[in-house]
Amino acid sequence: MKKDKKSFLTGNEVVIKAALAAGADSFYGYPITPATEIMDGWAEVYSKNSKLNFLQAEDEMSAGFLMIGAALTGKKAFTATTGVGNVLMQDPLSMAEAMELPTVAVIGQRGGPSTGSVIYSQQEVNLTCYGGNGEGYRVVYSPSNLQELYDYTIKAFNTAWKYLIPTFVLTDGYLLKTRSELNLYQPKANVTSKPLILKKANRNPNKESDYVNLVNTYAIEEECYEANIKLLNKFKKISPEIEESYSYNLNRQTKKLIIAHGLIASAAEEAINIIGKNKKVGLFVPKTLRPFPQKDLLKQLGKIKQIYIYESAANQLDRLVKEAIYGSRIPIKHFGYPALGIEAETIAKLI
Amino acid sequence: MNSKSKNETIKILIAGEGGQGVQAIGKILSETGFEAGLSVSFIPNYGVEQRGGVTIAFIQFRKNREIIYPKFLEADIIVWLSQRSIKRTEQYLYNKSLVIYNSKFIANLKNPKYIRINFDQLANDIGSHRSTNMIVLGFLLQHLKTWIDIKYAKKIINHKFAKYYKINPNLKKQNDKALDIGYNLKM
Amino acid sequence: MDSFPKSWRKSTKPHSFCPGCGHPIVLKALGWAVEELKIQNKTAFGIDIGCSLLAWDFFNLDTIQTHHGRTVPVITGVKISRPDAVAIAYVGDGGAYAIGSQHLLSSLYKNINITVIIVNNANYGMTGGQEAPTTLPYQLTSSTPKGADNYYLDGIKMAASIANKNAYVARGCTDNPVQLKIFIRKALQNQIQKRGLSIVEALSYCPTNWKTDAKKTRAFIENLKKIYPIGEFVNNNEK
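Just so we're clear, the structure is a prediction, and the values are computed from it rather than from any experiment.

Some words on the overall build of chain A
- For chain A, the helix and strand inventory stands at twelve helices and 15 strands.
- For chain A, whose C-alpha radius of gyration is 21 Å, the value lies close to the compact-globule estimate of 20 Å for 351 residues.
- Viewed in the frame of its principal axes, chain A has a C-alpha envelope of about 70 × 55 × 40 Å.
- Counting all 351 residues of chain A, 52% fall into the buried class.
- Once local pairs closer than 6 in sequence are excluded, the contacts in chain A between residues at least 24 apart make up 81%.

Structural data, given as structure tokens:
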């Protein structure tokens, strides 16, 4: 007997379903393992639905700029990439960040640096949160399982269009290839998209304000400073509405705190089950890496005697945590496994 | 087959060369488990080659609770289909692992606890080398009787191969026979 | 008759281009073409980095300034989403033939239905006059102080050799603004008729970086015309 309302899909398939559920109608991308199946999956859907848009670009920069062009006209467009593709994507993403464009990018992390491996890692946290030549005014979600991949991909579109900010779903090669069960619900409502250019057909040819002239250049330092402050203040203002975290087995008796994100948070949760929930080990999971849920984390630190950070990178989550808890004197044990998965049993042994 | 966590989870690893059907078996087995109402997780692992190379399927079944992480350190059941795949996956062995290996491509491993079967020969014997995978699958299902009723596997296979069965009804006969042979094989 | 097209934004004049620059001539030709075709309110005007960016507030047209070499993909994204719009990528020779060359190539063989206007002054003007793909040999530039390398690219020849037969590929010059306007108009019509890509390269004055006076500027461009011929190279539109 099949589970009620559950579907059995791979992460790649889940991304497509979520994008469509969120009202996405445009995808632009370039083949790169392990994100290619997202493009192929969209191409499949596009071949059966003439209302959708798709173009396979000549490289990731083009893919990102095509996405920007579409977003400017009010289309819910997205892309998917990883690794060196993510590096190239920072060119258009910098523009999106500066100009507050609602782009959505699914990043399927693979081993780095450079070509690395085609499989898995959590090594694109720095790049996705702070890539480009800006200050990281972006929203980055890090799902821990297939259901969250679905939930947060839908959320990414709504966040992008509500706040006009480049938004990311930071996942990895494992999750995209994992086949498991989840609930494919249709969201009750999605944020409406609005065009930034070609808004109306009837305009007064002589009236300047009827036209839109968008730039990302400033000739004068002070103008650039003002633009930066505006972005900074906006980010500060919207962060509390966007930050998210998840806690497991955390209460006032908790002495040891594990911090992990994405798939490794799942392994950590399982590790706590293996150790035993009565052993006073808790888990804190930032669901948004950017903005980082600093307040939530600080609230949990009360009686903690030891922090453990696990990630499939050298020290990218580590850096975010330390910045967030600056001033805290709780000792931190960091376990970094760049490009390698970390099983629950491994985490359980190391605590 | 008992797993460490109180009969709750079973971890299966299948490894072989690209083209031997590792992922095909993994896909059918995992969908069968889902159909049977279990919580399932299936993740493939490949090299970069388009053809060939060692390929691995990690499958987990769990009753009553979701599977949280797709990979594992110790496999309750390991199936080796090629010589090369052994070195690549030896690390997943533990003292309770049930090891099944294809003697067509793997020299005698000399461990009496391991199950040694020439799957390809069995398939040839019924005149259907293409159904080798079905024999492997059937044999696995024999060892998963407490988890999955074989009727679900038949349902999934019939659904997946429906198009091919229409064109070639003989293929269905061969696959069904191969599955039963694997399921009833006494070693 | 007006001296300037309707889309000419008065409050941003005098413009910021150098004295003697070819851009205002090309822009005026573009403005007239847009007026004649009555497409002011459905035009998306994309501009590149470089001197072309000084046109960001030139017109009463919806304008988007992009990253260097990326105007073609941005404007393509607009066009795919709004096929009713007239999408124009206004770029320089660096953006078209160096950093953006792969995008131009893609739009050529895919015959993307946009219009690309390439203002070719054979150097990277805004950064001080470095060698560009179209710089002629021996030309003194700031990155080739001993004279430019012995290679150059005839981008229109390349475009014409790849372009779809329904595309429109032409080259004009700022010394003949009327002809330039006609070419640009034909290019835009090619897009409106959904025939595919249209490219107009405009050889353009740059006395500032050529370090030439008026007379020598005219001579310089005559020299450019010898290597980069004027004309319509792909033009199969009977209408």
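Topic: the overall build of chain B
- Helix and strand content of chain B: seven helices and six strands.
- When its helices and strands are written in sequence order, chain B yields β-α-β-β-β-α-β-β-α-α-α-α-α.
- Taking 16 Å as the expected radius of gyration for a compact globule of 187 residues, we find that chain B reaches 16 Å, a close match to that expectation.
- In terms of principal-axis extent, the alpha carbons of chain B reach across some 45 × 40 × 35 Å.
- Within chain B, residue pairs in contact and separated by at least 24 positions form 61% of the contacts whose partners lie at least 6 positions apart.

A few points about the sheet that holds strand β5 (residues 168-173) of chain C
- An order of β9(A)-β2(C)-β1(C)-β3(C)-β4(C)-β6(C)-β5(C)-β7(C) is seen for the eight strands of this open sheet, with the pairing classed as mixed. In this open sheet, the two strands that pair with only one neighbour each are β9 (213-214) of chain A together with β7 (231-235) of chain C.
- Here strand β4 (residues 115-120) of chain C pairs with strand β6 (residues 198-203) of chain C via six bridges, running parallel. Note that in β6 of chain C the partner of valine 116 of chain C across the bridge is isoleucine 199 of chain C.

Observations regarding the sheet that holds strand β5 (residues 104-109) of chain A
Residues and elements named next belong to chain A.
- Strands sit in the order β3-β2-β4-β5-β7-β6-β13 across an open sheet of seven strands; the sheet is mixed. Since the sheet does not close on itself, it has two edges, and those belong to β3 (53-56) and β13 (288-290), each with one partner. For this sheet, the mean inter-axis angle between neighbouring strands, taken without regard to orientation, is 20°.
- Bridge count for strand β2 (residues 26-29) against strand β4 (residues 77-81) is two bridges, and the pairing is parallel. Opposite phenylalanine 27, over in β4, you have phenylalanine 78 as the bridge partner.

Some remarks on the interface of chain C and chain A
- On the chain A side, the residues contacting the 33 residues of chain C number 35 residues.
- Mapped by element, the contributors of at least two residues to the side of chain C that touches chain A are β2 (62-65), α2 (71-81) and α4 (101-109) of chain C.
- With eight residues, α2 of chain C is the single largest residue contributor to the side of chain C that touches chain A.
- Looking at side-chain class alone, the side of chain C that touches chain A contains eleven nonpolar, 15 polar and seven charged residues.
- In terms of strand pairing, β9 of chain A meets β2 of chain C through two bridges, oriented parallel. Bridge pairing in β2 of chain C links leucine 214 of chain A to isoleucine 64 of chain C.

Focus: the domain arrangement of chain A
Residue and element names in this part refer to chain A.
- As far as domains go, chain A holds domain 1 (6-183) and domain 2 (246-350).
- Residue-level contacts link 24 residues of domain 1 with 20 residues of domain 2.
- Sorting the residues of the side of domain 1 that touches domain 2 by element identifies α5 (125-130), β6 (139-141), β7 (167-172) and α7 (173-177) as the ones contributing at least two each.
- Of the residues in the side of domain 1 that touches domain 2, the class split is ten nonpolar, twelve polar and two charged.

Let's talk about the environment of glycine 282 of chain A
Residues and elements named next belong to chain A.
- Mapped onto the secondary structure, glycine 282 falls in strand β12 (residues 281-286).
- The class for glycine 282 is buried, based on 22 C-beta atoms found within 10 Å.
- Each C-alpha atom, one on glycine 282 and one on isoleucine 307, is 9.7 Å from the other, the two residues being 25 residues apart in sequence.
- Glycine 282 has contacts with Ser247, Tyr248, Asn249, Leu250, Thr254 and Leu257, leaving out every residue within four places of it along the chain.

Considering unusual backbone geometry
- That bond from arginine 290 of chain A to proline 291 of chain A is cis: its omega, -10°, falls within 30 degrees of zero.
- As for its placement among the helices and strands, proline 291 of chain A is situated in the loop between β13 and α10 (294-300).
- In the segment running from lysine 13 of chain C into proline 14 of chain C, the intervening peptide bond is cis, with an omega of 5°.
- Locating proline 14 of chain C in the fold gives a position in the segment before α1 (23-37).
- Unusually for a residue other than glycine, leucine 164 of chain A sits at a positive phi of about 50°.
- Tracing the sequence through the fold places leucine 164 of chain A in the loop between α6 (146-163) and β7.
- Unlike most non-glycine residues, lysine 194 of chain C shows phi in positive territory, near 60°.
- Relative to the elements of secondary structure, lysine 194 of chain C occurs in the loop between α6 (177-192) and β6.
- Residue lysine 194 of chain C is classed as exposed on the basis of its 9 C-beta neighbours within 10 Å.

Thoughts on the interface of chain A and chain B
- Counting from both sides, the interface comprises 22 residues of chain A and, opposite them, 19 residues of chain B.
- Listing elements by their share of the side of chain A that touches chain B, those giving two or more residues are α7, β8 (179-183), α9 (262-275) and α12 (344-350) of chain A.
- Ranked by residue count, the leading element in the side of chain A that touches chain B is α9 of chain A, at five residues.
- Residues of the side of chain A that touches chain B, tallied by class, amount to seven nonpolar, six polar and nine charged.
- Examined bridge by bridge, β8 of chain A and strand β2 (residues 39-45) of chain B share two bridges and lie antiparallel to one another. Within β2 of chain B, the residue paired with serine 180 of chain A across the bridge is serine 41 of chain B.

Focus: the arrangement of the chains
- Among two pairs of chains with at least one contact, chains A and C form the most extensive contact set.
- Contact between chain B and chain C is absent, and the least distance between their C-alpha atoms amounts to 27 Å.

Comments concerning helix α1 (residues 22-35) of chain B
Residue and element names in this part refer to chain B.
- Relative to the 20 Å expected for 14 residues at 1.5 Å per residue, α1 spans 20 Å between its end C-alpha atoms, a close match to the ideal helical length.
- Where burial is concerned, most of α1 is hidden: eleven out of the 14 residues are buried.
- In the segment just after α1, glycine 37 is the residue with positive phi, at about 90°.

Observations regarding the pairing of β6 of chain C
Residue and element names in this part refer to chain C.
- Most of β6 sits out of view: six of its six residues are buried.
- A two-sided burial pattern is seen for β6, the buried positions comprising Ser198, Val200 and Ala202 on one face and Ile199, Glu201 and Leu203 on the other.
- Pairing of β5 with β6, which is carried by six bridges, proceeds in the parallel orientation. Considered in β6, the bridge of cysteine 173 is made with leucine 203.
- Crossover handedness for the path β5 to α6 to β6: right-handed.

Observations regarding the packing of helix α1 (residues 11-21) of chain A against α6 of chain A
Residue and element names in this part refer to chain A.
- Running from amino to carboxyl end, α1 crosses α6 at an angle of 30°, the nearest separation of the two axes being 8 Å. With respect to α6, the axis of α1 lies roughly parallel. When you trace α1 past α6, the crossing you get is right-handed. Residues Gly11, Val14, Val15, Lys17, Ala18, Ala19 and Ala21 of α1 form the contact with α6, whose participating residues are Leu146, Leu149, Tyr150, Thr153 and Ile154.
- Its residues assigned to classes, the contact of α1 with α6 shows nine nonpolar, two polar and one charged.

Structural notes on the pairing of strand β11 (residues 256-259) of chain A
Residues and elements named next belong to chain A.
- Note that β11 and β12 share four bridges and pair parallel. Of the residues in β12, the one forming a bridge with isoleucine 258 is leucine 283.
- A crossover connection joins β11 to the parallel β12 through α9; in handedness this β-α-β unit is right-handed.

Let's talk about the nonpolar core
- Among the nonpolar cores identified, the biggest contains 223 residues, and Ala268 of chain A, Leu137 of chain B together with Ala44, Ile117, Val169 and Ile184 of chain C are the most heavily contacted of them.
- In this view, alanine 268 of chain A contacts Ile258, Ala260, Leu283, Tyr310 and Ile347 of chain A; residues no more than four positions away in its chain are not counted.

Parameters at a glance
- Residues numbered from 1 in each chain as written.
- Chains lettered and ligands numbered in written order.
- Predicted model: local features only at pLDDT ≥ 70, side-chain atom pairs only at ≥ 80, totals over all residues.
- Helix = DSSP H or I, 4+ residues; strand = E, 2+ residues; numbered from the N terminus.
- Rg over C-alpha atoms; globule rule 2.2 N^0.38 Å.
- Buried ≥ 20, exposed ≤ 12 C-beta atoms within 10 Å, placed from the backbone.
- Contact = placed C-beta atoms within 7 Å.
- Pairing = 2+ DSSP bridges.
- Axes fitted to C-alpha atoms, helices over the stretch in contact; angles between N-to-C directions.
- Nonpolar A, V, L, I, M, F, W, Y, C, P; charged D, E, K, R; others polar.
- Domains from an automatic or database assignment.
- Expected span 1.5 Å × (residues − 1).
- Right-handed = clockwise from strand over helix to strand, strands pointing away.
- Parallel < 35°, antiparallel > 145°, perpendicular 65-115°, else oblique.
- Left-handed = near helix turned anticlockwise from the far one by under 90°.
- Core = buried A, V, L, I, M, F, W, Y, C linked by C-beta atoms within 7 Å.

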